[in-house]
Structures are given as C-alpha cells and as structure tokens.
Amino acid sequence: MEMKESMREMPTVMVAFGVTGDLMRIKVIPALFALHVHGDLPEKFCLVGFSRRDWGDADFREYVREIITWRSDRHTQRVAVGPPHAATEKDIASFLNLLKFQSGDFSDKESYAALKRMIDGVDASWGVCTNKIFYFAVAPNFYEPIIADLASSGLSEGCSPEEGWSRVIVEKPFGHDGESAAQLESLLARDFKEEQIYRIDHYLGKAVLQDVFDFRFDDGSLEAAWDAKHIESITIRALETLGAEKRGAFYDSVGALRDVGQNHSLATLSLLTMDRPSERTADAIREERGAALEALEIIPYDAMASETFRAQYDGFREIRGVAPDSNTETYFKICASLRSARWHGVPIIIEAGKRLAVPEKEVVVRFKDGSLKRFDFNTAVQYTEEYERLLLDAIRGDQTRFVSRREIEAAWRFVDPIERAWRAGAKLVPLHRYAPGTSDITRQADF
Ligand code: BG6
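Rules and cut-offs
Residues numbered from 1 in each chain as written. Predicted model: local features only at pLDDT ≥ 70, side-chain atom pairs only at ≥ 80, totals over all residues. Heavy atoms only, no water. Disulfide = S-S within 2.5 Å. Helix = DSSP H or I, 4+ residues; strand = E, 2+ residues; numbered from the N terminus. Buried < 20%, exposed > 50% of the residue type's maximum accessible area, 1.4 Å probe, protein only. pLDDT = per-residue confidence, 0-100. Contact = heavy atoms within 4.5 Å. Pairing = 2+ DSSP bridges. Near = heavy atom within 4 Å. Polar contact = N/O pair within 3.5 Å; in protein donor to acceptor, adjacent residues only side chain to side chain. Areas by Shrake-Rupley, 256 points an atom, 1.4 Å probe, with all protein chains shown as cover. Axes fitted to C-alpha atoms, helices over the stretch in contact; angles between N-to-C directions. Core = buried A, V, L, I, M, F, W, Y, C linked by side-chain atoms within 4.5 Å. Domains from an automatic or database assignment. 1 Å grid on protein atoms, 1.4 Å probe; cavity = no way out; pocket = protein on both sides within 12 Å on 5 of 7 lines; lining within 4 Å. Points joined across faces, edges and corners; volume = space filled by probe spheres on them. Nonpolar A, V, L, I, M, F, W, Y, C, P; charged D, E, K, R; others polar. Expected span 1.5 Å × (residues − 1). Phe/Tyr/Trp six-rings, centres within 6.5 Å; stacked < 30°, edge-to-face > 60°. Right-handed = clockwise from strand over helix to strand, strands pointing away.

Overall, the coordinates contain one disulfide when judged by the stated rule. A sulfur-sulfur distance of 1.7 Å marks the disulfide that ties cysteine 129 to cysteine 159. Disulfide cysteine 129 to cysteine 159: torsion about the S-S bond roughly 80°, handedness right-handed. Of this pair, cysteine 129 sits in the loop between helix H5 (109–126) and strand S6 (131–136) while cysteine 159 sits in the loop between helix H6 (143–152) and strand S7 (166–171), and the two are 30 residues apart along the sequence. The partly exposed category is assigned to cysteine 159, whose relative accessible area is 43%.

Here the protein chain averages 92 in pLDDT, while 94% of its residues score no lower than 70. pLDDT under 50 marks residues 71–84. Its contacts with residues more than four places away, or in other chains, come to 23 contacts.

Here the focus is the pairing of strand S13 (residues 360–367). With six of eight residues buried, S13 is to be regarded as a mostly interior element. Where S13 hands over to strand S14 (residues 372–376), the hairpin turn is made up of four residues, of which glycine 370 adopts a positive phi near 95°.

This part is about the site of the ligand. Neighbouring the ligand are 13 residues; Tyr203, Glu240, Arg247, Asp259 and Lys361 lie closest to it. In the model, an oxygen atom of the ligand is placed 2.3 Å from a nitrogen or oxygen of the arginine 247 side chain. Between the ligand and aspartate 259 there is a distance of 2.6 Å, counted from an oxygen atom to a side-chain nitrogen or oxygen. Calculation on the ligand without its partners gives an accessible area of 390 Å², and the protein chains cover 85% of this total. The element contributing the most residues to the shell around the ligand is helix H9 (residues 248–273), with three residues.

The mixed open sheet is built from seven strands, whose spatial order is S14-S13-S9-S12-S11-S10-S15. Among the strands making up the open sheet, the edge pair consists of S14 and strand S15 (431–434). The sheet shows a mean angle of 15° between the axes of neighbouring strands, direction not considered. Here strand S9 (residues 231–239) runs beside S13; their pairing, made up of eight bridges, is antiparallel. Each bridged residue has a counterpart across the sheet, and for isoleucine 231 the counterpart in S13 is phenylalanine 367.

Ranked by internal contacts, the top residues of the largest apolar core, which has 100 residues, are Phe17 and Phe136. Shared between two domains, this core holds at least three residues of each, these being domain 1 (2–171) and domain 2 (204–380 + 400–443). Excluding anything up to four places from it in sequence, phenylalanine 136 contacts Phe17, Tyr143, Ile146, Ile147, Leu150, Val168, Ile169, Val170, Glu171 and Leu188. If you look at the next biggest cluster of nonpolar residues, it comprises 39 residues, including Ala16, Ile67, Phe95 and Ile395.

What follows concerns empty space enclosed by the protein. Scanning the entire structure with this criterion turns up four cavities of 30 Å³ or more. By volume, the largest cavity amounts to about 110 Å³. In this structure, the largest cavity is lined by 13 residues; those nearest its centre are Asp201, Gln262, Asn263, Val403 and Glu407. Looking at the lining of the largest cavity, the elements that each hand over two or more residues are H9 and helix H13 (405–423). If one sorts the elements of the lining of the largest cavity by residue count, H9 sits on top with five residues. Its residues assigned to classes, the lining of the largest cavity comprises eight nonpolar, three polar and two charged.

Across the sheet, six strands lie side by side as S5-S2-S1-S6-S7-S8; this open sheet has parallel pairing. In this open sheet, the two strands that pair with only one neighbour each are strand S5 (99–103) and strand S8 (197–200). Strand after strand, the sheet turns through a mean of 20° between neighbouring axes, direction not considered. Across six bridges, strand S1 (residues 12–17) lies against strand S2 (residues 45–51) in parallel orientation.

Moving on, we come to helix H10 (residues 282–294). Between its terminal C-alpha atoms H10 stretches 18 Å, which fits the 18 Å expected from 13 residues at 1.5 Å a residue. Residues of H10 that are buried include every one of Ala282, Ala284, Ile285, Arg286, Arg289, Gly290, Ala292 and Leu293, and no others. Contacts made by the buried residues of H10 are with helix H8 (207–219), H9 and H13.

Attention shifts here to the packing of aromatic side chains. Using the criterion set out here, one finds 24 aromatic pairs in the structure. Residues phenylalanine 50 and phenylalanine 106 carry aromatic rings whose centres are separated by 5.9 Å and whose planes lie at 15° to one another, so their mutual orientation is stacked. Of the two residues, phenylalanine 50 is situated in strand S2 and phenylalanine 106 in the loop between S5 and H5; the sequence distance between them amounts to 56 residues. Given a relative accessible area of 0%, phenylalanine 50 falls into the buried group.

The next thing to look at is the pairing of S8. Residues Ile197 and Arg199 point to one face of S8 and Tyr198 and Ile200 to the other, with burial holding for every one of them. Where S7 meets S8, four bridges bridge the pair, whose relative direction is parallel. Counterpart to valine 170 in the pairing with S8 is arginine 199. Assessed by its sense of winding, the connection that carries the chain from S7 through helix H7 (residues 178–191) to S8 is right-handed.

Moving on, we come to the side chain of glutamate 362. Its place among the elements puts glutamate 362 in strand S13. Among the polar contacts made by the side chain of glutamate 362, one reaches the side chain of arginine 237 at a distance of 2.6 Å. Within the structure, the side chain of glutamate 362 is placed 2.7 Å from the side chain of arginine 374, a separation counted as a polar contact. Setting aside residues up to four positions removed in sequence, glutamate 362 forms contacts with Thr235, Ile236, Arg237, Arg374, Phe375, Asp376 and Phe377.

Attention now goes to helix H12 (residues 385–396). Residue pairs three or four apart in sequence face the same way in an α-helix, which turns once every 3.6 residues. End to end, H12 covers 17 Å across twelve residues, agreeing with the expected 16 Å (1.5 Å per residue, within 8%). Burial analysis of H12 places ten of its twelve residues in the buried class, which makes it a mostly covered element. Three or more residues of H12 are buried, namely Glu385, Glu386, Tyr387, Glu388, Leu390, Leu391, Leu392, Asp393, Ala394 and Ile395.

Here it is, written out as structure tokens:
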C-alpha cells in the first residue's frame, strides 16, 4: 500500500517509440489502460505516442480508443482482457486525456527537439520536473538514432540527481547473436547507465514464474530436494497453435530458438535452477539468474545431432515474407544440462514450436521417486498481466524482473553454437517437417 501511494506521487511521462506497432496495440496500451482503471498509475501520468504518422492528439486518442474497446479478433484468436469488462466510458475518457502525440521521424533531430518542447510543456503545466520513460518498441535498426538523439536533446538525463529520472525500456530481440547483442549493449551504455536500462523479457513478468521463485525461496518445502540427487529431469515447454503467418519476414529471420528459446525458455530455466540469492535485491537476484545461465553446458559440435532437434511446418515457406527455400525452424527441442554440482547430469529439455495441435506451456519437474511438480502457464487468453507488472516495476525503479546484460550474454553463449550448427546445413541436424495443427513431431525427438 505504501509502495502504491508513493508510486502515485511520481509524475511520469512515458514516450512510446513505435506506438502504432503490434506490441503496443496488443500488450502495452491495454496494460496501461488496466493500470489506469485500477488506479495504479501515477496521479500525474502522460503517454506520448511518437511515430511518423501525420497525426495530432485527437487522431492518436481515436486510435487508442479502438484498441481499448476492442474485445477479440477472430483472425489472431487473441482475446483482449483486462479492464473492458469493468471499464466505463468515464474510464475510457479519462485515459484518453492522458495521451499526447508527437509526429516525427526516428532519425530527425528536429523531431526530438519538438518532443523535448512538448515534455517541457508538460513539466511546466504540472510545475515539476517529471520522470521520463522512453519505450523502444521499434525494429532494432532504429535504436542507434533514437539513443543518439535522446542524448543530444538532453532527454536521456534527469533534471538533477534528485529530480526527475530518465529510463529506457528495450524490448527483445536483444541482438541476433552474441556479437550483435554486445554491440547493442555498447550503444546503450554510451548514453545510459545500467540503472536506467530496463530490458523486457515479458516471461519474467509472468505470475507463474513469480510463483516458481516464491515456491522455491519462500515456501521452501521442496528446496532440499531441488537437485540432481532427487530430480530426474526438467521440461520447459512452449507449444503454440498460432503460426508465423502475420509476421513471416521477421520470423523467418529469427526462427523458434531465437524467438522464444534464447529468451523466454532460458529465463524460465534460470528461475528454476538458480541458487538462493544472498539477499532479496534486484542485483542479487539478477546475479544468481545470470550465474545459472552461465552454468549451461555448451553443446559440442559433435553432439548437436543427438542433443538438438528442429523442424518446420508444411506451408511455412509459402507465407508472405518467408524465403521459398527457408530452412528456419518453427519447432525445436534441445536437451540442455548444467555444469554445477547441484544439477550435474539432470537433463533439462527445452521445447517450443508454432502451429502445433494444442497450446501447451508448462514446466514439468520429474522427481526420481516418480512424482511430478508442474507449473502451467495460462494459455487460454492473451492477457496483459505481465506487462502491467513490468510497467509498474519500471516506473518505481525495480529492475528485478528485467534482464541483465550478464543473462543476455550467457544465453547467447549457449544459443550461438546451436544456431551455427543448424545454419551450417541439414547434414548435421536435419530439418524435419510436420503438418500444421498436429503434434506428432513433439514425440519424434528421442530425449
Ligand atoms: C513472443 C514471441 O516473444 O512470445 C512470440 O515473439 C510468442 O512468437 C510469444 O508467441 C509467447 O508469449 P506468451 O506470453 O503468449 O506465452
């Protein structure tokens, strides 16, 4: 309650770059609306949409009105939840009042000067130096100009050490391999300090992964049996019925392993296998998650065929934006293991894929005595609770559920050799095929 009250007193301006993209439409704007309806946003809050569209505030508000009153979309089978069922026209109107729009080009200095003038205007009308959050929901090739111009316009700095902080929220993908991730990190580090950078892997915001943490370190009843002596295997599964139809070009350039494995599956693995943090601080927890990922055994080249499996669904190559001879995997299964004494010899199966028969997102811990412990992710609806949690964390300055640089580096160290082996051709690790809407492929890999 105290936390909630002090949060309410943090005047905040959030600037969303790429405000007309899918992520904003499906997750971020509905999450902000939910927070507004529940009275969780700061009392003084302003969302500035920034994009190339030639819009004014009224157009942006109309656009957002449609998003927050939208209930379902047959095509994506996604269901918008959150407040609409409880929201009134008054809620909608008061939310729309918090919105402003800044039309501009991501690489045009004048647009940032105009943005700065707009934010200064908000500061002046509220009589405070506001906190600023810059949300990068854009393709990574825009990061460079955005970061450089935020810095040159003075927006990357607070007003003074005591007044008005400035933070950035960066969405995955964090690079497409270790090297590009390191380049992105140096770019960010040039103008922002680590405590200003909030890297989102929305899985870290999921309630079920918070449950894993609480179950292990608060409940603690199984912690003594949480090791190789007692555990036979761990499976981290993310099977989806949705395909890549709506984002062919992007998906073809990444594939299932980089789309969800490098981030969501490994974030899950880190929470399952990390050691107890020395204290409950963001730094200590992030260090332990990073150490867990650093303990991943790098799969040697000659074991790639036995420890990794990949497949593509029929019809994937016909999707708009996908190369007709694409060898991108839409399904994978990997048998990972950790070097630590605690987990030595325990197979950790990571599996994810698109266009399978049924959605199955779960963690299954199999004990040597035959018992199971399951954590199931909610697959019934597309909900925004993770984003609500993460946005509030970013406003109140809690980095616990955000990915650290160390975790990203360790994740790529594990994934890069697999990607290299897969890209080297079909000889080493064949690319299997499966019919969309079936799940036989999940039983084909023999581990
Ligand atoms: C995204 C991936 O990061 O996570 C998508 O790009 C995937 O391909 C999604 O479907 C899964 O998230 P969730 O929350 O629906 O399990």
